[in-house]
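Overview (structure and organization)
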Amino acid sequence: MSVLQDQCPAKDFSVVKSIIESEYGKPLSEVFSSFEEDTIGAASIGQVHRATLVDGSPVVVKVMYPEVERLFRGDVRTIKMFAQVAQPVHVPNLEEIEKQFMTEFDYRKEAKQMANVRINLIKGGLAGGPTKLCAVPKPYLDICTKRVLVMEELKGEKLAVGLEKDMERHARELKNRGITKQGPSAREYGQYIKFLDGQRRLSNAGFLLYNLTLGWIPGMPWKNTLDKSVLPINHAKMVDDLIYIHGHEVLVDGYFNGDPHPGNILLLGTKSGESQLGLIDYGQVKKLTKEDRIRMCHLILALANDDRNEIIRLMKEAGYKSEKMDENTIYLYAKVSYDEDNDDLTGGKHIQLFMEDLQSRDPILEVPKNFIMVGRTSIMLRGLAHALHQSRSVAKLWKPIAEKVLQNEGGED
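Residues numbered from 1 in each chain as written. Predicted model: local features only at pLDDT ≥ 70, side-chain atom pairs only at ≥ 80, totals over all residues. Heavy atoms only, no water.

Considerations on the environment of Ala111
Within the element layout of this structure, Ala111 appears in helix 5 (residues 107-123). Among the residues examined, Ala111 registers a relative accessible area of 0% and is labelled buried. Spatially, the C-alpha atom of Ala111 lies 5.8 Å from that of Pro139, the residues being 28 residues apart in sequence. Sequence-distant contacts of Ala111, defined by excluding residues within four places in its chain, comprise Pro139, Leu141, Cys144 and Leu149. (Helix = DSSP H or I, 4+ residues; strand = E, 2+ residues; numbered from the N terminus. Buried < 20%, exposed > 50% of the residue type's maximum accessible area, 1.4 Å probe, protein only. Contact = heavy atoms within 4.5 Å.)

Next up, the structure:
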């Protein structure tokens with residue numbers, strides 16, 4: 001799947017140039033003073049290039065292939081026909097994802113969605129500077145077209161790649177501390193980083209003393225001090241931050257990215273030692289009404305508290321229907337869809353196989369349609385967390401947000 005996200009073969013630059021000039025109705029050079037022919041990423045629907053606007057602003061440019069919308073519609077139609085016969089439980093999810101995916105084929109809409117999320121997160125104090133939890137690129141709305149999206153470049157690497165590299169750098173010390181299977185918590189990471197930073201400062205003091213004394217002797221080498229880039233990244237905090245940010249989008253703003261796959265998340269600021277998340281793709285944004293947000297807040301609290309009866313009641317209220325209305329199946333569906341998936345819940349089965357198991361026990365007729373993308377977001381975030389050995393309960397991380405929303409907005413419209 002990662003290959004489809006950002007490692008597909010790129011098209012020849014002549015094709016890209018033709019698309020851009022067709023969209024703008026003018027030569028490429030009248031919009032961009034420079035345009036790198038080599039891509040920095042290519043996915044199934046288009047590819048990305050670095051460029052510079054005529055006013056000197058450095059940007060990245062996403063260019064959509066003209067044939068992808070037609071091909072996608074045909075593929076989804078085929079998959080839905082198969083699912084209706086073989087796996088009907090997946091049909092509502094496919095229909096919702098298809099609906100959300102349609103905005104992927106108009107970069108003007110995606111640019112507006114990106115701008116809206118960026119404004120929301122800045123307003124919420126989660127974005128807007130290097131000390132904030134995340135950064136969202138500024139889109140250049142006046143020069144975005146259906147097939148060309150121009151936005152600010154966030155300089156970093158894919159989060160999963162960056163954290164894997166960091167883990168490899170510090171694997172021996174982590175192993176010595178007995179941390180191999182399940183990653184350390186944010187607190188444990190913090191203590192480890194604090195210890196290493198103390199060593200770094202002590203080394204720098206020694207280097208400084210050397211440079212001020214022996215370093216002045218002709219022929220003696222000068223010692224460079226160590227900056228914060230030598231310190232490990234707090235993986236646990238990055239995962240917590242990522243899940244928290246999406247909780248804010250869902251529960252506070254009711255306007256969230258329903259496709260937070262690893263290719264859409266960057267790791268920024270590692271050279272300065274102040275790591276930050278970069279969130280770069282907003283093609284599949286879902287809106288929730290206030291009523292939906294409030295109901296989801298109540299469900300998150302019930303899941304975080306493992307209040308079985310309340311979970312079942314809220315799922316029924318949200319529109320869950322099955323042939324037998326088996327309460328254990330309803331409870332498990334909610335836990336795995338919105339909260340967590342662990343061996344105790346799934347019996348060690350892959351989440352997709354477990355959901356199919358639930359379907360065979362008590363065939364699901366309807367699911368809460370407005371919450372399908374919330375569930376997808378939760379599952380994708382947990383998938384990334386699992387890959388980084390940082391399993392999480394989404395509901396427990398979203399609980400403080402839900403409590404605050406209910407306190408500020410109440411349970412009534």
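A word on the nonpolar core
Of all hydrophobic cores here, the largest spans 80 residues; its most connected members are Leu251 and Tyr338. No other element matches the 9 residues that helix 10 (residues 290-304) contributes to this core. By size, the runner-up hydrophobic cluster in this structure holds 17 residues, among which are Ile20, Phe32, Phe35 and Leu53. (Core = buried A, V, L, I, M, F, W, Y, C linked by side-chain atoms within 4.5 Å.)

Comments concerning helix 10
Here helix 10 is 15 residues long and its end C-alpha atoms lie 21 Å apart, about the 21 Å a rise of 1.5 Å per residue gives. Extensive coverage of helix 10 is indicated by the burial of 12 of its 15 residues. All of the buried residues along helix 10 are Asp292, Arg293, Ile294, Arg295, Met296, Cys297, Leu299, Ile300, Leu301, Ala302, Leu303 and Ala304. Elements in contact with the buried residues of helix 10: helix 9 (235-253), helix 11 (308-318), helix 12 (327-339), helix 15 (372-387) and helix 16 (394-409). (Expected span 1.5 Å × (residues − 1).)

Regarding the sheet that holds strand 3 (residues 58-64)
As summarised here, the arrangement of the 4 strands in space is 1-2-3-5, forming an open sheet in which the pairing is antiparallel. A single partner strand is all that each edge strand has here, and the edge strands are strand 1 (32-42) and strand 5 (148-152). Taken over all neighbouring pairs, the strand axes of this sheet differ in orientation by 30° on average, direction set aside. Here strand 2 (residues 46-53) runs beside strand 3; their pairing, made up of 7 bridges, is antiparallel. Across the sheet, Gly46 pairs through a bridge with Met64, a residue of strand 3. In the packing of helix 2 (residues 13-24) onto the sheet, the strands contacted are strand 1, strand 2, strand 3 and strand 5, and the crossing angle to strand 1 comes to about 125°. This element, helix 5, spans strand 3 and strand 5 of the sheet and lies at about 25° to strand 5. (Pairing = 2+ DSSP bridges. Axes fitted to C-alpha atoms, helices over the stretch in contact; angles between N-to-C directions.)

Side note on empty space enclosed by the protein
Under the definition given, this model contains 1 cavity of 30 Å³ or more. Quantified by volume, the largest cavity comes out at close to 40 Å³. Lining the largest cavity, in full, are His246, Asn257, Pro260, Asn264, Ile265, Leu279, Ile280, Asp281 and Tyr282. Looking at the lining of the largest cavity residue by residue, the class counts come to 5 nonpolar, 3 polar and 1 charged. (1 Å grid on protein atoms, 1.4 Å probe; cavity = no way out; pocket = protein on both sides within 12 Å on 5 of 7 lines; lining within 4 Å. Points joined across faces, edges and corners; volume = space filled by probe spheres on them. Nonpolar A, V, L, I, M, F, W, Y, C, P; charged D, E, K, R; others polar.)

Details of the packing of helix 10 against helix 12
The packing of two helices is summarised by the inter-axis angle and the distance between the axes. It is the contact of helix 10 with helix 12, at a shortest axis distance of 11 Å, that shows an interaxial angle of 105°. With respect to helix 12, the element helix 10 is oriented roughly perpendicular. Residues Met296, Leu299 and Leu303 of helix 10 form the contact with helix 12, whose participating residues are Ala334, Lys335, Tyr338 and Asp339. Along the lines of polarity and charge, the residues of the contact of helix 10 with helix 12 split into 5 nonpolar, no polar and 2 charged. (Parallel < 35°, antiparallel > 145°, perpendicular 65-115°, else oblique.)

What to know about the packing of aromatic side chains
Taken as a whole, this structure holds 5 aromatic pairs when the rule is applied. Judged by centre distance (5.7 Å) and plane angle (45°), the ring pair of Phe13 and Phe35 falls under tilted. Highlighted residues: Phe13 in helix 2 and Phe35 in strand 1, separated in sequence by 22 residues. You'll find Phe13 and Phe35 in the same group, each marked buried. Centre to centre, the rings of Phe32 and Phe35 are 5.3 Å apart; their planes meet at 70°, and the pair counts as edge-to-face. Residue Phe32 shares its accessibility class with Phe35, and that shared class is buried. Within the aromatic cluster, the residues linked to one another by ring pairs are Phe13, Tyr24, Phe32 and Phe35. Here the guanidinium or amino end of Lys11 rests over the ring plane of Tyr65, the centre of that ring lying 4.8 Å away. The positively charged end of Arg308 is found above the aromatic ring belonging to Tyr331, 4.3 Å away from the centroid. (Phe/Tyr/Trp six-rings, centres within 6.5 Å; stacked < 30°, edge-to-face > 60°. Lys NZ or Arg CZ within 6 Å of the ring centre and 35° of its normal.)

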